[in-house]
Amino acid sequence: MTQTTGTKRRILLHVGTPKTGTSHLQDVLFCNREALARQGVSYPADRFDGHFLAALDLMRLPWGGLETEAVGAWDRLAQEVRASQEVRASREGGQPLELPPAHTAIISHEILATASRAQVGRALESLGADDSLTEVHVILSVRDLTRQIPAEWQENVKHRSALSYGRFLDRIEDPERSTRIGTWFWGVQEIPDILDRWGRDLPPEQVHLVTVPAPGAPTGLLWERFNAAFGLAGLELDLPAESAAGRANPSLGVPETALLRRINRRATKVLEPADYRPLVRELLAHQTLSRRTKSPRLGLPPAAYAWVSELEQAWVGEIQRRGYDVIGDLDDLIGAPPQAAYADPDAPSERAVAAAGVTAIKALLLENARMRGEEAQRHGELEQLRAELDHARRGSVHAARARVVATLESSPPGRLLTRGYRVLRGRSSSPA
């Protein structure tokens, strides 16, 4: 990306798309926000999902109850972006630190791709995009539709959906796009339309596409492209492994996805979203089933390749015509040819699904044992605290009694009362 000259401040809006390395990018930005701030780059977030909540708020999206946490989040984020371009106070190592005004502010979340024109307008206005000293850049990370379609269906399954792959394909191929699935999919995946909504008022040199490399590309190539897009090259950053921050979004194989869909058919009727997220999506999908890497991978069914390939070619031509800044290679948006052997997730190998099921049951048993161990430990700690409290109470009563006796013994009337009390209690033969 060309660096801004003069005194202009940049706002980089990374608005999608899903499944293009966004989780890792956001982890790096969040974990390095203090280091970035010292180098003039603001990534304002007090929690790792802060930009996600802001996006939910901007677009008023329902999201399994999380939208209640999001109220007001976009305006707070926009205010932080504006404030970051002034002298700021921070802390490092417990010491106050004055940070210079940020020359660049970054906002990143993939669901922003589906924002309407009105919502885009509100976002830009709240960020001060009409200020002559502010220059807005829109960044869109993109991947070929051949990989995005199965990835998007699997993401639906990991978010409680029990819809079959075949029905999912029917809904996104429907030209009417009238279903919830179709509307959402094309809202976050139709590259020319996303760029039209977010970049319509920007010159093409301020609209940037980062292409996800084709399978088999060198490790780290995508990060190099993100570096170029966000102007991070040369900055001192700690780059955690993709799973280091616990937010990696790995893919599942065919039998694992089929198992998860069967679980959804039963579990979502009795399991609330707040319980589903840690137990099913995180524990089973991300931490357990994703490690079964020898299973057949999801792909497009052979019958879908013709219309998908035609659409990919049309998108590449439209991007070239508009003259956007492309970081990577537009050939990356043309998917690979059909798989030699297609594995249908709607008719998986039952033996493979059963094996995945055993792995899932083992993970749940271990998690249950871990939780029971923690509960027993907490119970033991609670009993110890109760015993210590009882001991302290007994000690405090004894000490109070001793203080009263000492006070009484310090005067003749008090000594007489004390001796009389002891006679009554049988502890002395006479009060004399």
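See the structure above.
Being a predicted model, the structure only gives us computed values, none of them experimental. (Residues numbered from 1 in each chain as written. Predicted model: local features only at pLDDT ≥ 70, side-chain atom pairs only at ≥ 80, totals over all residues. Heavy atoms only, no water.)

With that settled, consider the overall build of the chain. In terms of helices and strands, the chain carries 15 helices and 8 strands. The C-alpha atoms of the chain give a radius of gyration of 31 Å, which is well past the 22 Å a tight globule of 432 residues would have. Along the first, second and third principal axes, the C-alpha set of the chain runs to 115 × 65 × 40 Å. Taken over 432 residues, the chain has a buried fraction of 44%. Taking as baseline every contact in the chain between residues at least 6 positions apart, the subset at least 24 positions apart corresponds to 75%. Looking at charge distribution, the chain has the averaged site of its 54 positive side-chain charges lying 12 Å from that of its 55 negative ones. (Helix = DSSP H or I, 4+ residues; strand = E, 2+ residues; numbered from the N terminus. Rg over C-alpha atoms; globule rule 2.2 N^0.38 Å. Buried < 20%, exposed > 50% of the residue type's maximum accessible area, 1.4 Å probe, protein only. Contact = heavy atoms within 4.5 Å. Lys, Arg positive; Asp, Glu negative; His and termini not counted. Charge placed at Lys NZ, Arg CZ, Asp CG, Glu CD.)

The buried fraction of strand E7 (residues 207-211) amounts to 5 of the 5 residues, a majority that puts the element mostly inside the structure. By the alternation rule, side chains of E7 split into Val 207, Leu 209 and Thr 211 and His 208 and Val 210, which are all buried. Pairing of strand E6 (residues 134-142) with E7, which is carried by 5 bridges, proceeds in the parallel orientation. Along E7, the bridge assignment pairs Ser 141 with Val 210. Of the strand pairs in this sheet, E7 and strand E8 (residues 325-327) are connected by 3 bridges, and their pairing is parallel. Residue pairing across strands places Leu 209 opposite Val 326, the latter belonging to E8. (Pairing = 2+ DSSP bridges.)

The next thing to look at is the packing of aromatic side chains. Considering all chains together, one arrives at 7 aromatic pairs under this definition. With centroids separated by 5.4 Å and ring planes inclined at 80°, the aromatic side chains of Phe 52 and Trp 63 adopt a geometry described as edge-to-face. Taken together, the residues span a long stretch of sequence, with Phe 52 in helix H3 (residues 50-59) and Trp 63 in the loop between H3 and helix H4 (73-84) at a distance of 11 residues. On the basis of relative accessible area, Phe 52 is assigned to the buried category, the value being 11%. The exposure class of Trp 63 is partly exposed, given its relative accessible area of 23%. Within the aromatic cluster, the residues linked to one another by ring pairs are Phe 168, Phe 185, Trp 186 and Trp 315. Positioned above the aromatic ring of Tyr 276 is the side chain of Arg 160, whose terminal nitrogen or guanidinium carbon lies 5.3 Å from the ring centre. The cationic tip of Arg 177 hangs over the ring face of Trp 186; the distance from NZ or CZ to the ring centre is 4.3 Å. (Phe/Tyr/Trp six-rings, centres within 6.5 Å; stacked < 30°, edge-to-face > 60°. Lys NZ or Arg CZ within 6 Å of the ring centre and 35° of its normal.)

Let us now look at empty space enclosed by the protein. As enumerated under the stated definition, the model contains 1 cavity of 30 Å³ or more in all. Here the largest cavity defines a volume of roughly 30 Å³. Forming the walls of the largest cavity are Thr 17, Val 142, Arg 143, Gln 148, Gln 189, Ile 191 and Trp 315. In terms of residue class, the lining of the largest cavity is made up of 3 nonpolar, 3 polar and 1 charged. (1 Å grid on protein atoms, 1.4 Å probe; cavity = no way out; pocket = protein on both sides within 12 Å on 5 of 7 lines; lining within 4 Å. Points joined across faces, edges and corners; volume = space filled by probe spheres on them. Nonpolar A, V, L, I, M, F, W, Y, C, P; charged D, E, K, R; others polar.)

Locating Gln 206 in the fold gives a position in the loop between helix H9 (191-199) and E7. By relative accessible area, which is 13% here, Gln 206 ends up buried. Sequence-distant contacts of Gln 206, defined by excluding residues within four places in its chain, comprise Glu 135, Val 136, His 137 and Val 138.

The grouping of Val 404, Leu 408 and Leu 417 at the surface amounts to a nonpolar patch, some 270 Å² of accessible area in total. By relative accessible area, Leu 408 is classed as partly exposed at 31%. (Patch = residues over 30% accessible without salt bridge, like charges linked within 9 Å, V, L, I, M, F, W, Y side chains within 5 Å. Areas by Shrake-Rupley, 256 points an atom, 1.4 Å probe, with all protein chains shown as cover. Salt bridge = Lys/Arg side-chain N within 4 Å of Asp/Glu carboxyl O.)

A word on H4. The end-to-end C-alpha separation of H4 is 16 Å, in line with the 16 Å expected for 12 residues at 1.5 Å each. Buried within H4 are the following residues: Ala 73, Trp 74, Leu 77, Ala 78, Val 81 and Ser 84. All buried residues of H4 lie within an arc of 135° about the axis, which places them on one face of the element. (Expected span 1.5 Å × (residues − 1). Arc of directions from axis to C-beta.)

Okay, the pairing of E6 next. In terms of burial, E6 is largely enclosed, as 9 of its 9 residues are buried. Of the two faces of E6, both are covered, the one formed by Thr 134, Val 136, Val 138, Leu 140 and Val 142 as well as the one formed by Glu 135, His 137, Ile 139 and Ser 141. Here 6 bridges tie strand E1 (residues 9-14) to E6, and the two strands are oriented parallel to one another. Note on E6: the bridge partner recorded for Ile 11 is Val 136.

Further remarks concern the environment of Ser 42. Following the sequence through the fold, Ser 42 ends up in strand E2 (residues 41-42). Linking Ser 42 and Glu 282, residues 240 residues apart in sequence, is a C-alpha distance of 30 Å.

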